[in-house]
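# Examination of the molecular architecture
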Amino acid sequence: MLVYKTNQKRGLKSSVNWTACIPLAAIIGVFWVYAATAQTATPTPEPLTAEKVKESVDALKVGLDTLWVVVAAFLVFFMNAGFALVESGFCRRKNTVNILTKNLIVFAIATIAYWAVGFGFMYGDSGGNLFIGLKGFFLSGADNSPATLDAYKGDFPGLNWTGVPLEAKFLFQLVFAATAATIVSGAVAERIKFLAFMLFSFILVAVSYPITGHWIWGGGWLSKVGFYDFAGSTVVHSSGGWAALIGAALLGSRFGRYGEDGKNRAIPGHSMSLATLGCLILWLGWFGFNPGSTMTADGRLIAHIALTTNMGASAGGIAATIVAWLYLGKPDLSMIVNGILAGLVSVTAPCAWITLPSAIIIGAIGGTIVVFAVGFFDKLKIDDPVGATSVHLVCGIWGTISVGLFAVGQKTDIGGGYILQAGAGPKAGLFFGGGFDQLLYQLLGVVSVGGFTVAFSFIAWYVISLITGGIRVETEEEFKGLDISEHGMEAYSGFVKESE
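Residues numbered from 1 in each chain as written. Predicted model: local features only at pLDDT ≥ 70, side-chain atom pairs only at ≥ 80, totals over all residues. Heavy atoms only, no water.

## Re the overall build of the protein
When you go through the protein residue by residue, the secondary structure sums to 16 helices and zero strands. Burial statistics for the protein: of 500 residues in total, 52% are counted as buried. Only carbon and sulfur atoms are counted for the fraction: they give 69% of the accessible area of the protein, which is about 22300 Å². (Helix = DSSP H or I, 4+ residues; strand = E, 2+ residues; numbered from the N terminus. Buried < 20%, exposed > 50% of the residue type's maximum accessible area, 1.4 Å probe, protein only. Areas by Shrake-Rupley, 256 points an atom, 1.4 Å probe, with all protein chains shown as cover.)

Here it is, written out as structure tokens:
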């Protein structure tokens, strides 16, 4: 209003000169003519055929499947942070740097080992044998992914069922291989030489893990028998658990862990806050671990597996709380953490082939047995600072067996719950009218993988001990803490050190 009155005082009818519009109108006219000419020069689009529509839909599916697979791989990769926090929280602060370093470097070691050798052993063309892959080392060789099944012509037939590029296949399988090595870290914590751990991690991911993985996921003999493990209760967790058990047994217990009278002397962890945060990160990562194993963007299947996974974790945590409360007299937080992880490990093998009530039962049993498994290994004087063998080995075995008990069989629908496609998956379990067949297949797999991994681990640890002059640090170094003796630094500089 003020501007209008001012213009009136100045005798101006408008604040804009109309002659300034002439050049602007000319520019608009030129570009208008150009656009019209360009539009008329555009060739007539080809008619849309059914074949072209199919090509577009197929390309879109490959893109969506690939996106889902790599996002799931990122979630599983983030589990390394969870393992680092759980392990460091459950151990003393004078060993924190050592544990964090191991959990950081193990993924780098696993990457090189799996790329160079492991992926070829696990998924490479076996040349007709059912024991080990023989092609595809350094991620090289023929490959026409994302072609699938009979259309696939390449050196990685073990993964011909998933329609994503080879690089996506490798990335997702890599994060699983690294998880197996990370499991060992917790069981041997606070007294192993850093170099010994690095060497064993490389050998485990390069040789042992891929060989047993080939038997199950790479088209090997166990898969031909009828053994099933959807996301790795045996392939990942039990194999890592067996290796961890042998390592912990050969190392011996930490100084002061067991008294001369045979009684257990608890060595509390330095930060339950870190352990709890680590547990939550692992819980989150498992939504990539289990649902991601579909390796296809099947929304309903992903949702079903995510729910069974979550049900197993929740039941495991609740069961461990109750059992620890009754058995130990208090709702022990460390047991609750391990109970949740036990439920997750337990439901990993059967997650795609079970109902939600079955997932709750499986997780609850896992959360219960992990409490007693910790005490069992203590009676054997096998010192596992974080309970890795109880969680990953014992519950990995239970989860594998549960397939033979709770699998619904080769159906498409189980009363609202989606189960893969018709004709796929294991036979019905014992509790779903399938008899003992699938249960026997699962037991065979547990024994076979366990026997091979134990034998391999004994040999590997022995050879490493010869190379490194023993796999355990000296008593004085253990007393000072591995942060100082192995790395020359402290996680919490300036804090009062432990007196033991």
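That was the structure; now back to the text.
## Digging into empty space enclosed by the protein
Considering all chains together, one arrives at one cavity of 30 Å³ or more under this definition. Taken as a whole, the largest cavity spans an internal volume of roughly 100 Å³. Lining of the largest cavity is provided by 14 residues; of these, F83, V86, E87, V386 and H392 occupy positions nearest its centre. Sorting the residues of the lining of the largest cavity by element identifies α3 (50-90), α5 (166-187), α11 (333-348) and α13 (388-406) as the ones contributing at least two each. Broken down by class, the residue content of the lining of the largest cavity amounts to nine nonpolar, four polar and one charged. (1 Å grid on protein atoms, 1.4 Å probe; cavity = no way out; pocket = protein on both sides within 12 Å on 5 of 7 lines; lining within 4 Å. Points joined across faces, edges and corners; volume = space filled by probe spheres on them. Nonpolar A, V, L, I, M, F, W, Y, C, P; charged D, E, K, R; others polar.)

## Some points on the pattern of salt bridges
All told, the structure shown has 10 salt bridges when counted by the stated rule. Here D58 ties to K54 by a salt bridge, and the two come within 2.8 Å at their closest N and O atoms. Of this pair, D58 and K54 both sit in helix α3, four residues apart, which is roughly one turn of the helix. Taking relative accessible area as the criterion, D58 reaches 36% and is therefore assigned partly exposed. When its relative accessible area of 52% is taken as the criterion, K54 is described as exposed. (Salt bridge = Lys/Arg side-chain N within 4 Å of Asp/Glu carboxyl O.)

## Looking at the layout of surface pockets
Roughly 670 Å³ of internal volume is contained in the second largest pocket. Of all elements in the fold, only α10 (299-328), α11, α12 (356-379) and α13 reach the threshold of two or more residues within the lining of the second largest pocket. No other element matches α12, which puts six residues into the lining of the second largest pocket. When grouped by side-chain class, the residues that make up the lining of the second largest pocket number 15 nonpolar, eight polar and seven charged.

## Focus: the nonpolar core
Counting residues in hydrophobic clusters, the biggest one holds 110 residues, and the most contacted among them are Y114, F176, V184, Y209 and W217. Ranked by residue count, the leading element in this core is α5, at 14 residues. Once residues lying within four places of it in the same chain are set aside, the contact partners of V184 are F197, F200, L204, G240, A243, A244 and W461. Counting residues in each nonpolar core, the second largest holds 10 residues, with V347, I354, L405 and F406 among its members. (Core = buried A, V, L, I, M, F, W, Y, C linked by side-chain atoms within 4.5 Å. Contact = heavy atoms within 4.5 Å.)

## Concerning a nonpolar patch on the surface
Taken together, the side chains of L250, F458, I459, Y462, V463, L466 and I467 make up a nonpolar region of the molecular surface, amounting to roughly 740 Å² of accessible area. As for its placement among the helices and strands, I467 is situated in helix α14 (residues 437-468). On the accessibility criterion, I467 (61% relative accessible area) is exposed. (Patch = residues over 30% accessible without salt bridge, like charges linked within 9 Å, V, L, I, M, F, W, Y side chains within 5 Å.)

## Overview of the environment of I246
On the secondary structure map, I246 appears in helix α8 (residues 233-251). I246 sits in the buried class, given a relative accessible area of 8%. Each C-alpha atom of the pair I246 and T389 lies 9.8 Å from the other, and the pair is 143 residues apart in sequence. The residues contacting I246, other than those within four sequence positions of it, are V454, S457, F458 and W461.

## Describing the packing of aromatic side chains
Aromatic ring pairs are reported here in terms of the distance separating the ring centres and the angle at which the planes meet. Taken as a whole, this structure holds 24 aromatic pairs when the rule is applied. Ring centres of F119 and F156 lie 5.4 Å apart, and the angle between their planes is 35°; this geometry places the pair in the tilted category. Remark: F156 occurs in the loop between α4 (96-123) and α5 and F119 occurs in helix α4; sequence separation between them is 37 residues. On the accessibility criterion, F156 (0% relative accessible area) is buried. Their ring planes at 50° and their centres at 4.9 Å tell us that Y327 and F372 sit as a pair that is tilted. Here Y327 is found in helix α10, whereas its partner F372 is found in helix α12, with 45 residues between them in sequence. One aromatic cluster is present, formed by Y114, F119, Y123, F156, F170 and Y209 through successive ring pairs. Between the NZ or CZ atom of K102 and the centre of the ring of F197, over which it lies, the distance is 5.2 Å. Sitting over the face of the ring of Y258, K381 holds its NZ or CZ atom 5.4 Å from the ring centroid. (Phe/Tyr/Trp six-rings, centres within 6.5 Å; stacked < 30°, edge-to-face > 60°. Lys NZ or Arg CZ within 6 Å of the ring centre and 35° of its normal.)

## A closer look at α8
Between its terminal C-alpha atoms α8 stretches 25 Å, which fits the 27 Å expected from 19 residues at 1.5 Å a residue. For α8, the tally of buried residues reaches 17 of 19 residues, placing the bulk of the element in the interior. (Expected span 1.5 Å × (residues − 1).)

## Comments concerning unusual backbone geometry
Cis geometry is found at the peptide bond from S145 to P146, where omega equals 15°. Not every positive phi belongs to a glycine, and F138 is a case in point at roughly 60°. Counting through the fold element by element, F138 comes out in the loop between α4 and α5. A relative accessible area of 48% places F138 in the partly exposed class. Even without being a glycine, E190 presents a positive backbone phi close to 80°. As for its placement among the helices and strands, E190 is situated in the loop between α5 and α6 (194-216).

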